[in-house]
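# Per-entry structural report
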Amino acid sequence: MRPKEIKIDTKVKLSNGVEMPIFGLGTFQMRSGKETQQAVLAALEAGYRLIDTAQMYGNEEDVGIALKESGIPREEVFITTKLWNSEHGYQKALNACEESLEKLGLPYVDLYLIHWPVQGLRNETWKAMETLLEKGKCRAIGVSNYMIRHLEELLAISDTVPAVNQVEFSPYLYLKDLLEFCRSHKIQLEAYSPLTKGHKLSDPKLEAIAKGYSKTPAQILIRWALQKDVVVIPKSSHPERILENADVFDFTISPDDMKLLDAFNQNLRTSWDPTTIP
Ligand SMILES: NC(=O)c1ccc[n+]([C@@H]2O[C@H](COP(=O)([O-])OP(=O)(O)OC[C@H]3O[C@@H](n4cnc5c(N)ncnc54)[C@H](OP(=O)(O)O)[C@@H]3O)[C@@H](O)[C@H]2O)c1
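Source: prediction; values computed, not measured.

### A look at the overall build of the protein chain
- Across its full length, the protein chain holds ten helices and ten strands.
- Here the C-alpha radius of gyration of the protein chain, 18 Å, is about what a compact globule of 278 residues would show, namely 19 Å.
- Dimensions of the protein chain along its principal axes, counting C-alpha atoms only, are 55 × 40 × 30 Å.
- Burial statistics for the protein chain: of 278 residues in total, 57% are counted as buried.
- Long-range contacts, defined as pairs at least 24 residues apart, comprise 75% of the intrachain contacts of the protein chain with a sequence gap of at least 6.
- Where the 33 positive side-chain charges of the protein chain centre and where its 38 negative ones centre are 2 Å apart.

Given below as structure tokens:
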């Protein structure tokens, strides 16, 4: 378990040596234009140093605008984007990355992810990811929504271990086996939908734990992921919630309460389900 001194700018070291902030802002379903720009700017002003976007979110341009507007040096902010499902295949993937970089207005991203393990194409796409890494278009490459069998397949065909696997992960979807598999292969797990998209924030069991720490249910869910050494990217478009979600570095969930939270698991998926993908 992470000690109490974890901070908003604490970084984890990826397998290729690149350092990634353990905490950041998700931007899925943030509308392009002012909504994304204002949220990203508010997050950067609040000390967030990791921004997670994707080609599919349609807001890469706004992330780039907010980053510039913040005045924070480029190398101090970690930007992730993702290759969408329609762009699999070697040449298409190379082109998709160029398009994302153009939209972001950046020469490189810190992390480029395969958004989804598209059957039949994902391994060819991984070769393009390796090329992009060699060319310096990204500082690290990884995957998203990969279950153990997808990772085993990838590890068997490539010497490049994905630096990160971004999956849905919360006490309500506690993927313990996947977490252990990733740890044993030095793949950093990153939790998406850590707030269950809001669905479980009124769960009385969660509220009771939150009350004990004078924290909100959202803060408990974020802290739970942090204490598992999992990178966590809650999304909010509201400045007050952006601040609330970052106010998780002044307390520690006790080992007993961590165990209680672990037992909340009910395989709840609020996004899509990659377990059915061969
Ligand atoms: N790789 C993938 O396939 C994948 C899939 C899903 C998500 N992601 C990434 O992970 C990020 C986070 O996941 P997510 O957006 O699905 O869900 P989430 O972070 O679990 O929850 C976001 C929802 O919770 C609300 N919320 C945020 N903070 C709150 C608070 N303190 N109190 C009450 N409600 C709060 C937000 O509303 P407001 O915005 O209105 O505040 C929004 O409706 C995404 O934005 C995206 O970057 C990746």
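### Quick notes on the pairing of strand β8 (residues 164-168)
- The buried fraction of β8 amounts to five of the five residues, a majority that puts the element mostly inside the structure.
- Side-chain alternation along β8 places Val164, Gln166 and Glu168 on one buried face and Asn165 and Val167 on a second face that is also buried.
- Handedness of the strand β7 (residues 138-144)-helix α5 (residues 148-157)-β8 crossover: right-handed.
- Judged from the five bridges that link them, β8 and strand β9 (residues 188-192) form a sheet pairing that is parallel. Considered in β9, the bridge of valine 167 is made with alanine 191.

### Here's the deal with the site of the ligand
- For the ligand, the set of nearby residues contains 30 residues, the closest of which are Asp52, Leu195, Lys235, Ser236 and Arg241.
- Between a nitrogen atom of the ligand and a side-chain N or O atom of glutamine 166, the distance comes to 2.9 Å.
- Proline 194 has a polar backbone atom sitting 3.3 Å from an oxygen atom of the ligand.
- Burial of the ligand by the protein chains amounts to 89% of its free accessible area of 900 Å².
- Broken down by element, the residue count for the shell around the ligand peaks at three residues, all from helix α9 (residues 239-246).
- A class-by-class count of the residues in the shell around the ligand yields ten nonpolar, 14 polar and six charged.

### Thoughts on the packing of α5 against helix α6 (residues 176-184)
- Orientation of α5 relative to α6, taken along the N-to-C sense of each, is 20°, at an axis distance of 10 Å. It follows that α5 is roughly parallel to α6 by the angle criterion. Crossing angle aside, the handedness with which α5 passes α6 is left-handed. Taking contact as the criterion, the partners of Ile148, Leu151, Glu152 and Leu155 in α5 are, on α6, Asp177, Leu178, Phe181 and Cys182.

### Notes on the sheet that holds strand β4 (residues 50-52)
- The strand order β3-β4-β5-β6-β7-β8-β9-β10 describes an open sheet built from eight strands, whose pairing is parallel. Sheet topology places β3 (25-26) and β10 (231-232) at the edges, where each strand pairs with a single neighbour.
- Looking at chain direction, strand β6 (residues 109-114) and β7 are connected through five bridges and run parallel. Counterpart to tyrosine 112 in the pairing with β7 is isoleucine 141.

What counts and how
- Residues numbered from 1 in each chain as written.
- Predicted model: local features only at pLDDT ≥ 70, side-chain atom pairs only at ≥ 80, totals over all residues.
- Heavy atoms only, no water.
- Helix = DSSP H or I, 4+ residues; strand = E, 2+ residues; numbered from the N terminus.
- Rg over C-alpha atoms; globule rule 2.2 N^0.38 Å.
- Buried < 20%, exposed > 50% of the residue type's maximum accessible area, 1.4 Å probe, protein only.
- Contact = heavy atoms within 4.5 Å.
- Lys, Arg positive; Asp, Glu negative; His and termini not counted.
- Charge placed at Lys NZ, Arg CZ, Asp CG, Glu CD.
- Right-handed = clockwise from strand over helix to strand, strands pointing away.
- Pairing = 2+ DSSP bridges.
- Near = heavy atom within 4 Å.
- Polar contact = N/O pair within 3.5 Å; in protein donor to acceptor, adjacent residues only side chain to side chain.
- Areas by Shrake-Rupley, 256 points an atom, 1.4 Å probe, with all protein chains shown as cover.
- Nonpolar A, V, L, I, M, F, W, Y, C, P; charged D, E, K, R; others polar.
- Axes fitted to C-alpha atoms, helices over the stretch in contact; angles between N-to-C directions.
- Parallel < 35°, antiparallel > 145°, perpendicular 65-115°, else oblique.
- Left-handed = near helix turned anticlockwise from the far one by under 90°.

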